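Coordinate inspection notes
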Amino acid sequence: MKGSILGALILIAALYHSNSQAIPVLGDSLYYTGGDISVEVLVPSASYTSTLSLYLFGPTTSVASFGTNHDVGLITVFDPSTAGYTHGQELIFGIYVQNTDYTYYMGDGSRNPDGLMHAAVDDMGGNVYHVGFEDLFNGGDKDYDDHRFAFSGGVSNISIVPESSTLALFALGIIGLGLSRHRVHLHDHDHDKNKSHNLN
Ligand SMILES: [Ca+2]
């Protein structure tokens, strides 16, 4: 039991892992926390033009677009739940670079055509996240500020445990308790049997 409790604690710690830092975190993700999200186009440092969109994977479809990196100051409000996003789900934003016809996504590099991470998340505090994208195949100069956007509202860089997983953990705990009680009862039963055997 000690082992499984420790395992559960490690699991909880991993699920609640926060990447809250003062510096941009390459390959970090944003998760949906419900309601509207707000996206503002920040000043870019690239000459290329890209469109920022929110995607659903498997198959990949764009469910909302938030302007190009040159629409500085443009603010778009969108409710991801209208596109099927659920609480706790990773929000997969990506830039479609018009000049090269490549799309690069936030998060893990395996999603991208060159297998590299292309976005860095900067936790600004107050539930505001600045995300900078690198727009060149193979990572370019890796400064991750070619296309920059500010995300706020129903977003977080903390991965939240979905309710079903929390319930599963509780269920495992209850089963664990049940098993240890069962063991105690078996032990008592054996003890009684021995007693009665001795009486005979
Ligand atoms: Ca760059």
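On a predicted model such as this, the values are computed, not experimentally measured, just so you know.

On to the overall build of the chain. On a plain count of helices and strands, the chain comes out with 2 helices and 10 strands. If you list the helices and strands of the chain from N to C, you get α-β-β-β-β-β-β-β-β-β-β-α. Relative to its full complement of 200 residues, the chain shows a buried share of 24%. For the chain, contacts bridging at least 24 residues in sequence account for 65% of all contacts bridging at least 6.

What follows covers the nonpolar core. Ranked by size, the top nonpolar core spans 28 residues in total, and within it Leu91, Ala119, Val131 and Phe151 carry the most contacts. Elements with a contribution of two residues or more to this core: strand 2 (30-42), strand 3 (50-56), strand 6 (90-97), strand 7 (102-105), strand 8 (119-125), strand 9 (128-133) and strand 10 (147-156). Excluding its chain neighbours within four sequence positions, the residues that come into contact with alanine 119 are Met106, Val131, Gly132, Phe133 and Tyr144.

A few words now on the pairing of strand 6. A large share of strand 6 lies buried, amounting to 6 of its 8 residues. The pairing of strand 2 with strand 6 spans 2 bridges and is classified as antiparallel. Within strand 6, the residue paired with tyrosine 31 across the bridge is glutamate 90. Of the strand pairs in this sheet, strand 3 and strand 6 are connected by 6 bridges, and their pairing is antiparallel.

In this model, glycine 58 is joined to proline 59 through a cis peptide bond whose omega is -5°. Its place among the elements puts proline 59 in the loop between strand 3 and strand 4 (61-68). For lysine 142, which is not glycine, the phi dihedral falls at a positive 55°. Here lysine 142 lies in the loop between strand 9 and strand 10. For lysine 142, a count of 13 C-beta atoms within 10 Å translates into the label partly exposed.

For the rest of this paragraph, the subject is the environment of threonine 33. On the secondary structure map, threonine 33 appears in strand 2. A residue is classified by how many C-beta atoms lie within 10 Å of it, and threonine 33, with 17 of them, is partly exposed. As a C-alpha pair, threonine 33 and glycine 88 span 55 residues in sequence and 5.8 Å in three-dimensional space.

Scored by pLDDT, the chain has a mean of 82; 69% of the residues are at 70 or more. When mean pLDDT is taken per element in the chain, strand 5 (residues 75-78) scores highest with 98 and helix 2 (residues 163-199) scores lowest with 55. The low-confidence segment residues 17-21, where pLDDT is below 50, has 8 contacts with residues more than four positions distant or belonging to other chains.

Moving on to the environment of glycine 139. Summarising the element assignment, glycine 139 is placed in the loop between strand 9 and strand 10. When the 17 C-beta atoms within 10 Å are taken as the criterion, glycine 139 is described as partly exposed. Each C-alpha atom, one on glycine 139 and one on aspartate 114, is 8.1 Å from the other, the two residues being 25 residues apart in sequence. Ignoring anything within four residues of it in the chain, the contact list for glycine 139 reads Leu116 and Glu134.

Conventions used here
- Residues numbered from 1 in each chain as written.
- Predicted model: local features only at pLDDT ≥ 70, side-chain atom pairs only at ≥ 80, totals over all residues.
- Helix = DSSP H or I, 4+ residues; strand = E, 2+ residues; numbered from the N terminus.
- Buried ≥ 20, exposed ≤ 12 C-beta atoms within 10 Å, placed from the backbone.
- Contact = placed C-beta atoms within 7 Å.
- Core = buried A, V, L, I, M, F, W, Y, C linked by C-beta atoms within 7 Å.
- Pairing = 2+ DSSP bridges.
- pLDDT = per-residue confidence, 0-100.

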